[in-house]
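What follows is each chain in one-letter form.
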Amino acid sequence: ELDRPLPDPTSDPAPDPGADEPFRDVDDFGGANDWNVNSINAPEVWAEGYTGEGVVVAVVDTGVDASHRELSSSIWVNQGEIAGNGIDDDVNGFVDDTWGWDFVAGDNSPTDLNGHGTHVAGTIAAANNGYGATGVAFDATIMPVRVLDTSGTGSSYDVAAGIRYAVDNGADVITVSLGGSYNSTLRAALSYAEQQGVFVVAAAGNEADATPGYPAAFSASLTNVLSVGAHDSAGAVAWFSNGVGGSGAVQVDAPGVNIYSTLPGNRYGYLSGSSMAAPHVAGLAALALSANPGLAPEALRTLIVDGADRSIAGTDSSGGVNSAVAVARALGYTATTVGQTSAASAVATFNGSSAARLAADHVFSELGQVPDATRRFRLFGGLGGLG
Ligand code: CA
């Protein structure tokens, strides 16, 4: 045995420049308006057959235009409800909620009277139909939950109720492109989602602050919440995007500047904001869950964060998300075969989040007595104007 020659390292083939990418490379999808899906390697995932099919993503926002030609085939249907009979057939507490709920008006029609929620929904699941916009997970199902009014504001109670509705009615992923200050009612709803195994993606906020707003900042203490900042097409963090700072938030970046997506009335437009970044990660989560439906939220968050290998200039997040790496991890690839995560960096991340978690819990205990009733939350988007 001692005579067996050692392997000759020089005989190994030259490294492929794309060797760290787990799926075969494919041509860029679409045109200039599709830079966002190309930037996060979504087409490489689609080529493997994972498109978000069977995954329900709740858009807790200003509502959704369910009649938009890009979205009409993707809207969630409550199978337990008979439309228009005035009876809560599925006994979920909501009468005739056939396609979601409007917590602002208190009715069964979560129509979008602002435009923001429809834009968010399109980034997740706009149809791959050869025109307009195309969602990151174009075969995912959208559950519209309206918690923000025409002006884009809403109460903490409505946001929390909307999250609980999504959890109770089968959402796999919840995306919340809104925020405000610490709120215990909202935290309790997110903790309920954690207990029920529902993943929550939250926009970091647009105040150019060192730390994210809430609910994104709850990612420091809840294992199912992931904070998302915005980056542009050049790979730089957006000027407005809130950082991690000392918050202990678990945060990645995603496309959030000049994002082309759907607007009510079969229209389209460009918007900027961390509101636009968060649904990219919700779509990515849907891709990963369509590849591996058994993923628990904490595992899902870990593979998205560890797979965020895009270098984003000026950020202090874990990096820009990469759908191909994350979904490959979802399929069971290991850190040694996908991406550059080393044991050392994994330990550093763990220690960092543990210390930060303690700090964040201290903040919660200090602020926990603040009355919640008048807290208002606001959407995190719309910068750059409607196209
Ligand atoms: Ca019902």
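The rules behind each value
- Residues numbered from 1 in each chain as written.
- Predicted model: local features only at pLDDT ≥ 70, side-chain atom pairs only at ≥ 80, totals over all residues.
- Heavy atoms only, no water.
- Helix = DSSP H or I, 4+ residues; strand = E, 2+ residues; numbered from the N terminus.
- Buried < 20%, exposed > 50% of the residue type's maximum accessible area, 1.4 Å probe, protein only.
- Contact = heavy atoms within 4.5 Å.
- Areas by Shrake-Rupley, 256 points an atom, 1.4 Å probe, with all protein chains shown as cover.
- Axes fitted to C-alpha atoms, helices over the stretch in contact; angles between N-to-C directions.
- Parallel < 35°, antiparallel > 145°, perpendicular 65-115°, else oblique.
- Left-handed = near helix turned anticlockwise from the far one by under 90°.
- Nonpolar A, V, L, I, M, F, W, Y, C, P; charged D, E, K, R; others polar.
- Donors = N, O, S within 2.8 Å, 3.2 Å for Na, K, Ca; no water.
- Tetrahedral: all angles 85-135°; square planar, octahedral: opposite > 155°, others 65-115°.
- Polar contact = N/O pair within 3.5 Å; in protein donor to acceptor, adjacent residues only side chain to side chain.
- Expected span 1.5 Å × (residues − 1).
- Phe/Tyr/Trp six-rings, centres within 6.5 Å; stacked < 30°, edge-to-face > 60°.
- pLDDT = per-residue confidence, 0-100.
- Pairing = 2+ DSSP bridges.

Draft legend 1. Representation of the overall build of the chain. Counting its regular elements, the chain contains nine helices and 12 strands. Looking at the chain as a whole, 55% of its 387 residues qualify as buried. Pairs at least 24 residues apart make up 74% of the contacts formed inside the chain by residues separated by at least 6 positions. Of the roughly 15300 Å² that the chain leaves accessible, carbon and sulfur atoms contribute 53%.

Draft legend 2. Structural view of unusual backbone geometry. Here the amide bond leading from Tyr 214 into Pro 215 is cis, since omega sits at 15 degrees, within 30 degrees of zero. Following the sequence through the fold, Pro 215 ends up in the loop between strand 7 (199-203) and strand 8 (225-231). Look at Ala 208: it is not a glycine, yet its phi comes out positive at around 55 degrees. Looking at where Ala 208 falls in the secondary structure, it is placed in the loop between strand 7 and strand 8. Of note in this structure, Asn 258 is not a glycine but carries a positive phi near 55 degrees. Inspection of the secondary structure puts Asn 258 in the loop between strand 9 (251-255) and strand 10 (259-263).

Draft legend 3. Highlighting the packing of helix 6 (residues 274-291) against helix 7 (residues 297-306). Running from N to C, helix 6 and helix 7 point in directions that differ by 115 degrees, and their axes come no closer than 11 Å. For the element pair helix 6 / helix 7, the angle class is roughly perpendicular. Judged by the sense of rotation from one axis to the other, the crossing of helix 6 with helix 7 is right-handed. Seen from helix 6, the contacting residues are Val 281, Leu 284, Ala 285, Ala 288 and Leu 289; seen from helix 7, they are Leu 300, Leu 303 and Ile 304. In terms of residue class, the contact of helix 6 with helix 7 is made up of eight nonpolar, no polar and no charged.

Draft legend 4. Examining the coordination of the calcium ion more closely. Here the calcium ion is held by Glu 81 (OE), Asp 88 (OD), Asp 90 (OD), Asn 92 (OD1), Phe 94 (O) and Asp 97 (OD), and the distances to it run 2.2 to 2.5 Å. Given six donor atoms and angles of 75 to 158 degrees at the metal, the environment of the calcium ion is assigned as irregular. Here the donor residues of the calcium ion are spaced in sequence according to E-x6-D-x1-D-x1-N-x1-F-x2-D. Of this pair, Glu 81 sits in the loop between strand 1 (56-61) and strand 2 (101-102) while Phe 94 sits in the loop between strand 1 and strand 2; the two residues are 13 residues apart in sequence, bridging distant segments of the chain. Assessed through its relative accessible area of 18%, Phe 94 is described here as buried.

Draft legend 5. Region of interest: the side chain of Ser 247. Among the structural elements, Ser 247 can be located in the loop between strand 8 and strand 9. Since its relative accessible area comes to 14%, Ser 247 is described here as buried. Polar side-chain contacts of Ser 247 include one of 2.6 Å to the backbone oxygen of Val 244. A polar contact is formed between the side chain of Ser 247 and the backbone nitrogen of Ala 249, at a distance of 3.1 Å.

Draft legend 6. Broad picture of helix 6. Across its 18 residues, helix 6 extends 26 Å between first and last C-alpha, which sits within 8% of the 26 Å expected from 1.5 Å per residue. Among the 18 residues in helix 6, 18 count as buried, and that is most of the element.

Draft legend 7. Looking closely at the packing of aromatic side chains. Counted under the stated rule, the structure contains 13 aromatic pairs. Measuring from centroid to centroid gives 5.9 Å for Phe 103 and Tyr 165, while their planes differ by 70 degrees, and the two rings are edge-to-face. Of this pair, Phe 103 sits in the loop between strand 2 and helix 3 (116-125) while Tyr 165 is found in helix 4 (residues 156-168), placing the two residues 62 residues apart along the sequence.

Draft legend 8. Region of the structure containing helix 8 (residues 323-330). Within helix 8, eight of the eight residues are buried, which leaves the element mostly enclosed by the surrounding structure. On the buried face of helix 8, the contacting elements are helix 2 (42-46), helix 6 and helix 7. Capping the start of helix 8 is the job of one residue whose side-chain oxygen sits 3.0 Å from the backbone nitrogen of Ala 324: Asn 322. Positioned one or two residues after helix 8, Gly 332 has a phi angle of 110 degrees, which is positive.

Draft legend 9. Highlighting the confidence of the model for the chain. Across the chain, pLDDT averages 86, with 82% of residues at or above 70. Residue range residues 1-19 is modelled with pLDDT below 50. Its contacts to residues more than four positions away, or to other chains, number zero contacts. Low pLDDT, under 50, characterises residues 335-374; the stretch is placed with 36 contacts to residues that sit more than four places away or in other chains.

Draft legend 10. Region of interest: the sheet that holds strand 12 (residues 376-379). Pairing within the open sheet is antiparallel, and its three strands lie in the order 4-12-6. What marks the edges here is a single partner per strand, and that holds for strand 4 (153-155) and strand 6 (178-179). Pairing of strand 6 with strand 12, which is carried by two bridges, proceeds in the antiparallel orientation. Within strand 12, the position partnered with Leu 178 by the bridge is Leu 379. Here helix 4 sits on the sheet and contacts strand 4, strand 6 and strand 12; the angle it forms with strand 4, its principal contact strand, is near 80 degrees.

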